[in-house]
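What the coordinates show
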Amino acid sequence: MAFKLDKSATAFAEAKRYIPGGVNSPVRSFRGVGGTPPFIAKAAGSHIFDIDGNKYIDYVGSWGPMILGHAHPEVIAELSDALQRGTSYGAPTLLETELARLITEAVPSMELVRFVNSGTEATMSVLRLARAYTQRNKIVKFAGCYHGHHDSLLVKAGSGATTLGVPDSPGVPDTIAGNTITVEYNDAQALTTVFERHGQDIAAVIIEPVPGNMGLILPRPGYLEQVRALTEKYGALLIFDEVMSGFRVAYGGAQELYDITPDLTCLGKVIGGGLPVGAYGGRRDIMEHIAPAGPVYQAGTLSGNPLAMTAGLATLRLIAQNPDFYEKLTSMTTALCAGVQAQALAFGFNFQFHQVGSMFGIFFTDKPVYDYNSAKRSDVGAFNTFFHAMLEQGVYLAPSQFEAAFMSSAHTHTDIGATIAASGNAFARVAEYYRKQKHE
Ligand SMILES: *Cc1c(COP(=O)(O)O)cnc(C)c1O
């Protein structure tokens, strides 16, 4: 049966009548890869199903949260129970304390935790806190690192290692973006230079310790230590944005994996078990500046709501129950990556395969990738060819070269075998793509 997305195409056209671009988050629109985004009808375990009747092995996992797979029976059962008790009270519950306790136990640098409703909200709030605490205004971020879509962080580098902030989007005032300094990831010298020049004005450095929003990038050995040392030297706070890596690369996140203690941490994705959640936390003396303990205002109508807390609690408890959880997830991911890489090598493709735990990705370039500039050397046309070939064979990858992929504990050896086999066919299409490129 030929692969068809007719119903999705109609649904997409209809969605565009009412929603900008037909989607509620841009990358879902398939702008990067072209074609029609499948409209999803349901999901279960390692699979998602679209309204055209296609079934896919899913490596997006709602962009990271679904570490147990979709519609995990125990998570759904607890959510169903919680639903009967009402969906939000705007008043304290035992659930919030319990999830905060689990998080502080897993991530000891987070002595106090505040729940919000998205990763964006977490990073936005944490910057306000960092600025208030240090009484400084400048923020350092890294090119290609994504921390949500609020004004201060919607900035990447122009050219050069140390570009002063130019906004990435119209509507971000220069006065705000001008307080954001962008540096290339993995370049400790560039960060040193920035501190030498602006050290007394820098409130915080915010970093994805395992960047997953320019494709998956690995921190060079010693790099995170250097970032920690520089922030300490200049009295700036180190903020780990672990919205993606938290409870993903290890139970204690990247800070456990690399043994670095940040001052503040942002979480999201996995800790909400598929419901809208974010959190930020860190050193008690800093976090006590947050209202009502302190003067830094931050609030939320639905923050800590019982549904999100329930899904998060169920997810973290299920993970914690299984002592080999991350080991197993990592070895499944390693098997998948090795299998796909072997298929690529059979065509002579020396692409860059990156993996940290259950996060993985391929850059379609034969040159090493370690920052945003090197990531951009990837052949997007080759990726897009691969992406569509995989989709047509029932493998759902993120529709962009510059996104990470995620394994869940619901993925099976059968899924992995099927994905590896599909990748062989997809690389054949990539080989065709390169042949055509040469002739043009
Ligand atoms: C997804 C993500 C965010 C934003 O979270 P939202 O819930 O989409 O607002 C922030 N930082 C990182 C590292 C992320 O991966």
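Up top is the structure.
About the criteria used
Chains are numbered independently. Their residues run from 1 in the order of the written sequence. The predicted nature of this model means local features are confined to residues of pLDDT at least 70 and side-chain atom pairs, given and counted, to a pLDDT of 80 or more, with totals for whole chains, interfaces and linings taken over all residues. Remark: hydrogens and water are excluded; side-chain values derive from all non-hydrogen atoms of the structure. The near set for a molecule or strand comprises every residue that places at least one heavy atom within 4 Å of it. Think of a polar contact as two N or O atoms within 3.5 Å of one another; within protein, one of them needs to be a possible hydrogen donor and the other a possible acceptor, and neighboring residues in sequence only count if both atoms come from side chains. Only the protein chains shown count as cover for residues, with accessible areas throughout obtained via the Shrake-Rupley method and a probe of 1.4 Å. Just so you know the grouping, Ala, Val, Leu, Ile, Met, Phe, Trp, Tyr, Cys and Pro go in nonpolar, Asp, Glu, Lys and Arg go in charged, and all remaining residues, Gly too, go in polar. Between Lys or Arg on one side and Asp or Glu on the other, a salt bridge is scored when a side-chain nitrogen of the former is within 4 Å of a carboxyl oxygen of the latter. Each helix is a run of DSSP H or I of at least 4 residues and each strand a run of E of at least 2, with the numbering of both proceeding from the N terminus. Per-residue accessibility, obtained with a 1.4 Å probe over protein chains only, is compared with the maximum for each type, and a residue is labelled buried under 20%, exposed over 50%, and partly exposed between these values. We call a set of buried Ala, Val, Leu, Ile, Met, Phe, Trp, Tyr and Cys residues a nonpolar core when their side-chain atoms join them within 4.5 Å. Start and end points for every domain follow an automatic or database-based domain assignment. The criterion used for residue contact is that any of the two residues' heavy atoms lie within 4.5 Å.

Considerations on the site of the ligand
Around the ligand, the neighbouring residues are Ser118, Gly119, Thr120, Tyr146, His147, Gly148, Glu208, Asn213, Asp241, Val243, Met244 and Lys269. Between an oxygen atom of the ligand and a main-chain N or O atom of Gly119, the distance comes to 2.8 Å. At a separation of 3.3 Å, a nitrogen atom of the ligand approaches a polar backbone atom of Tyr146. Protein chains bury 83% of the 380 Å² of accessible surface belonging to the ligand in isolation. The class makeup of the residues in the shell around the ligand is three nonpolar, six polar and three charged.

Description of the pattern of salt bridges
For the structure on display, the rule yields 11 salt bridges. For Arg17, the salt bridge is made with Glu14, and the minimal N-O distance between the two is 3.4 Å. Pair noted here: Arg17 and Glu14 are both in helix α1 (residues 6-18), with a separation of three residues, about one helical turn. Residue classification places Arg17 among the exposed residues on the basis of a relative accessible area of 59%. Residue Arg283 is joined to Asp285 by a salt bridge in which the shortest nitrogen-to-oxygen separation is 2.8 Å. Looking at Asp285, the relative accessible area reads 36%, which means it is partly exposed.

Overview of the nonpolar core
Counting 72 residues, the largest nonpolar core has Ile103, Phe247 and Phe427 as the members making the most contacts within it. In terms of residue count, the dominant contributor to this core is helix α10 (residues 306-321) (nine residues). A domain split of this core shows at least three residues from each of domain 1 (6-71 + 323-439) and domain 2 (73-320). Apart from residues no more than four positions distant in its own chain, Phe247 is found in contact with Ile67, Ile103, Ala106, Val107, Gly253, Leu267, Val270, Ile271, Leu316 and Tyr326. Counting residues in hydrophobic clusters, the runner-up holds 30 residues, among them Ala143, Ile207, Val369 and Ala375.

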